[in-house]
Amino acid sequence: DTAVSQTPKYLVTQMGNDKSIKCEQNLGHDTMYWYKQDSKKFLKIMFSYNNKELIINETVPNRFSPKSPDKAHLNLHINSLELGDSAVYFCASSQDRLAGQETQYFGPGTRLLVL
Amino acid sequence: AQTVTQSQPEMSVQEAETVTLSCTYDTSESDYYLFWYKQPPSRQMILVIRQEAYKQQNATENRFSVNFQKAAKSFSLKISDSQLGDAAMYFCAYNLGETSGSRLTFGEGTQLTVNP
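Described below are features of the structure shown in this document. Since this is a predicted model, take the numbers as computed values, not measurements.

All right, on to the nonpolar core then. Core analysis: the largest hydrophobic core is formed by 26 residues, its most contacted members being Y25, W36, F75, L77 and Y90 of chain B. Counting residues per element, this core draws most heavily on strand 10 (residues 88-95) of chain B, at 4 residues. Sequence-distant contacts of Y25 of chain B, defined by excluding residues within four places in its chain, comprise T3, V4, Y32, L34, F68, Q69, K70, K73, S74, F75 and Y94 of chain B. By size, the runner-up hydrophobic cluster in this structure holds 20 residues, among which are V60, L76, A87 and V114 of chain A.

Listed below in structure tokens is the structure:
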């Protein structure tokens, strides 16, 4: 069974379009995250939610809007896509945001290419 | 600034040999957690090993072990008896817990090649 799943795995789209990436975890975790991996493979936090509550909102353009309908899902909607948004987006989850030792489990990533 | 530095962009090792990947970090916190993640060509991020900063004993996980030097803020990963399947990008990361919203802060990564 897949612990953290993301759809789609690949997304090719034109500049200016709006797209969404979905993430679901079946681990019963309370906290979910979005990370962005750029073309140099550098990974950086974008957002985190704990039990549907926004915890981290890093300096991300407001074209990016996360939505958590329940604690098992965290979606990422991106408006007016730009070339610089091309990257791999990873969803992750962990049991408890108050415990830094909790392992974060990652989804397979979504490779977004903006043309 | 809170940072993680991996000074070796690329490393290579012969199959069955041992290799050590370096990682240093900077934080003013005393409690934190350190991780090594592996990213093979499949792109999946896989936890290799983790270490609690309050523990003096170095973590080990089968062929993987760490050398944790808290005073030096160093957290290197040793891979023994390297296998072809160990070829991947390796990321060092720390988590400061509640202080940082439990985010992982990653280094730039080290690309490991295993030669047969």
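Read on for the rest.
Before going further, it helps to examine the sheet that holds strand 1 (residues 4-7) of chain A. Residues and elements named next belong to chain A. Strand order in the open sheet made by the 4 strands is 1-3-8-7, with antiparallel pairing throughout. Pairing within the sheet leaves two strands with one partner each, and these edge strands are strand 1 and strand 7 (64-70). When strand polarity is set aside, the average angle formed by the axes of neighbouring strands in this sheet is 20°.

Counted under the stated rule, the structure contains 7 salt bridges over all chains. A salt bridge links E58 of chain A to R103 of chain B; the shortest N-O distance between them is 2.9 Å. Of this pair, E58 of chain A sits in the loop between strand 6 (53-57) and strand 7 while R103 of chain B sits in the loop between strand 10 and strand 11 (104-106), on two different chains. For K55 of chain B, the salt bridge identified is with E52 of chain B, shortest N-O distance 4.0 Å. Overall, E52 of chain B belongs to the buried group, its relative accessible area being 12%. Three or more residues are tied together by salt bridges with common partners; here these are R63, E82 and D85 of chain A.

Rules used in this analysis
- Residues numbered from 1 in each chain as written.
- Chains lettered and ligands numbered in written order.
- Predicted model: local features only at pLDDT ≥ 70, side-chain atom pairs only at ≥ 80, totals over all residues.
- Heavy atoms only, no water.
- Core = buried A, V, L, I, M, F, W, Y, C linked by side-chain atoms within 4.5 Å.
- Buried < 20%, exposed > 50% of the residue type's maximum accessible area, 1.4 Å probe, protein only.
- Helix = DSSP H or I, 4+ residues; strand = E, 2+ residues; numbered from the N terminus.
- Contact = heavy atoms within 4.5 Å.
- Pairing = 2+ DSSP bridges.
- Axes fitted to C-alpha atoms, helices over the stretch in contact; angles between N-to-C directions.
- Salt bridge = Lys/Arg side-chain N within 4 Å of Asp/Glu carboxyl O.

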